[in-house]
Amino acid sequence: MDQNALKKAVAEAAIAHVERGEILGVGTGSTANYFIDALERIRHDIPGAVASSKATAERLERIGIEVLDLNMVDYISVYVDGADEINPALEMIKGGGGALTREKVVAAVAKKFVCICDASKQVDRLGRFPLPVEVIPMARSYVARELVKLGGSPSYRDGVVTDNGNVIIDVWNLNIAVPRQMEERINNITGVVTNGLFALRPADVLLVGTAEGVKTVQAKG
């Protein structure tokens, strides 16, 4: 199976985790798009969804699912999204598509976070994929200097503006030995909106597409 087939398989498998009649959270990216496509057949069982990006909102609306403002929602049963990297503790790097802040907010509200990805995204240690950091534009150079002090090699994602009107710095070569600590350290840099480490709020369930089929990994503890 090619990578797209694996993504489609895990997206289909994620439908079993959708709670009918409950508000759903939906992520951003190619794997999440396959999940949205799969949602079309059960759209009448979904009273509404919170989208993690404008692109996701538009795709949900095209298949007839009402998109809700998170400020009008106090409960999301399940959030389904992909990952750029995920480790055995189900801690992730996300944000390759630039939607990390809204993804992190929706994940924080959701009762259950289901991550869907193909096996190529599984790693023993996070950090081979560059860590995205969303930054207020005027703080870009200052934040980059602070990221160098943490051992990273920051690179401005030229021409990209997030849905929140901010910029993204991708950080290479970070030593992410303890993801929770690194997430907190970077978030404490003045001018950082948030970073793409999802360690303080990891996934609860991982559905991973492999050549042998979709495998389920539950968070420990």
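Residues numbered from 1 in each chain as written. Predicted model: local features only at pLDDT ≥ 70, side-chain atom pairs only at ≥ 80, totals over all residues. Heavy atoms only, no water.

Moving on, we get to the packing of helix α2 (residues 30–39) against helix α3 (residues 54–62). The N-to-C vectors of α2 and α3 enclose an angle of 20 degrees; their axes lie 9 Å apart at closest approach. Taken together, the axis directions place α2 and α3 in an arrangement best described as roughly parallel. Judged by the sense of rotation from one axis to the other, the crossing of α2 with α3 is right-handed. Mapping the contact onto sequence places Asn33, Ile36, Asp37 and Leu39 in α2 and Thr56, Arg59 and Leu60 in α3. In the contact of α2 with α3, the residues fall into 3 nonpolar, 2 polar and 2 charged. (Axes fitted to C-alpha atoms, helices over the stretch in contact; angles between N-to-C directions. Helix = DSSP H or I, 4+ residues; strand = E, 2+ residues; numbered from the N terminus. Parallel < 35°, antiparallel > 145°, perpendicular 65-115°, else oblique. Left-handed = near helix turned anticlockwise from the far one by under 90°. Contact = heavy atoms within 4.5 Å. Nonpolar A, V, L, I, M, F, W, Y, C, P; charged D, E, K, R; others polar.)

So, about the pairing of strand β9 (residues 167–172). Two faces belong to every sheet, and in a regular strand the side chains alternate between them. Across the 6 residues of β9, 5 count as buried, placing the element largely inside the fold. With 5 bridges joining them, strand β7 (residues 131–135) and β9 adopt antiparallel strand pairing. Considered in β9, the bridge of Pro132 is made with Asp170. Taken together, the 4 bridges between strand β8 (residues 153–156) and β9 define a ladder with antiparallel strand orientation. Residue Ser153 lies in a different strand from β9, and its bridge partner there is Trp172. (Buried < 20%, exposed > 50% of the residue type's maximum accessible area, 1.4 Å probe, protein only. Pairing = 2+ DSSP bridges.)

Let us look at the packing of helix α1 (residues 3–14) against α2. As a packed pair, α1 and α2 sit with axes 8 Å apart at the nearest point and diverge in direction by 50 degrees. On the basis of their axis angle, the class for α1 and α2 is oblique. Considering only the axes of α1 and α2, their crossing is right-handed. Across the interface between the two elements, Asn4, Lys7, Lys8, Val10, Ala11, Glu12 and Ala14 of α1 pack against Ser30, Thr31, Tyr34, Phe35 and Ala38 of α2. When grouped by side-chain class, the residues that make up the contact of α1 with α2 number 6 nonpolar, 3 polar and 3 charged.

This part covers the packing of aromatic side chains. Under the definition given, this model contains 1 aromatic pair. Taking 5.0 Å as the distance between ring centres and 50 degrees as the angle between the ring planes, the aromatic pair formed by Tyr79 and Phe113 counts as tilted. Here Tyr79, found in strand β3 (residues 76–81), pairs with Phe113, found in strand β6 (residues 110–118); they are 34 residues apart in sequence, far enough to count as distant. Exposure class is identical for Tyr79 and Phe113. Each is buried. If you follow Lys94 out to its NZ or CZ, it ends over the ring of Phe198, 5.5 Å from the centre. Here the guanidinium or amino end of Arg140 rests over the ring plane of Tyr156, the centre of that ring lying 4.0 Å away. (Phe/Tyr/Trp six-rings, centres within 6.5 Å; stacked < 30°, edge-to-face > 60°. Lys NZ or Arg CZ within 6 Å of the ring centre and 35° of its normal.)

On the surface, Ile136, Met138 and Val193 cluster together into a nonpolar patch covering about 310 Å² of accessible area. Structurally, Val193 is set in strand β10 (residues 192–195). In this structure Val193 comes out as partly exposed when scored by relative accessible area, which is 34%. (Patch = residues over 30% accessible without salt bridge, like charges linked within 9 Å, V, L, I, M, F, W, Y side chains within 5 Å. Areas by Shrake-Rupley, 256 points an atom, 1.4 Å probe, with all protein chains shown as cover. Salt bridge = Lys/Arg side-chain N within 4 Å of Asp/Glu carboxyl O.)

Turning to the sheet that holds β9, a few remarks are in order. Strands sit in the order β8-β9-β7-β10 across an open sheet of 4 strands; the sheet is antiparallel. The strands lining the two open edges of the sheet, one partner per strand, are β8 and β10. Sheet twist, expressed as the average angle between the axes of neighbouring strands with direction ignored, equals 30 degrees. With 3 bridges joining them, β7 and β10 adopt antiparallel strand pairing. Its bridge partner being in β10, Glu134 is matched across the sheet by Thr194. Here helix α4 (residues 100–109) sits on the sheet in contact with β7, β9 and β10, set at roughly 70 degrees to β10. Against the sheet, helix α6 (residues 179–187) engages β7 and β10, with an angle of about 165 degrees to β10.

Counting through the fold element by element, Val171 comes out in strand β9. The sequence separation of Val171 and Leu200 amounts to 29 residues, and the corresponding C-alpha distance is 19 Å. Those residues in contact with Val171 that sit more than four places away from it in its chain are Pro130, Leu131, Val133, Leu147, Gly152, Ser153 and Pro154.

Counting through the fold element by element, His17 comes out in the loop between α1 and β1 (24–26). Reaching out from His17, the side chain makes a polar contact with the side chain of Lys112 at a distance of 3.2 Å. In contact with His17, other than residues within four places in its own chain, are Val78, Lys112, Val114, Val205 and Leu207. (Polar contact = N/O pair within 3.5 Å; in protein donor to acceptor, adjacent residues only side chain to side chain.)

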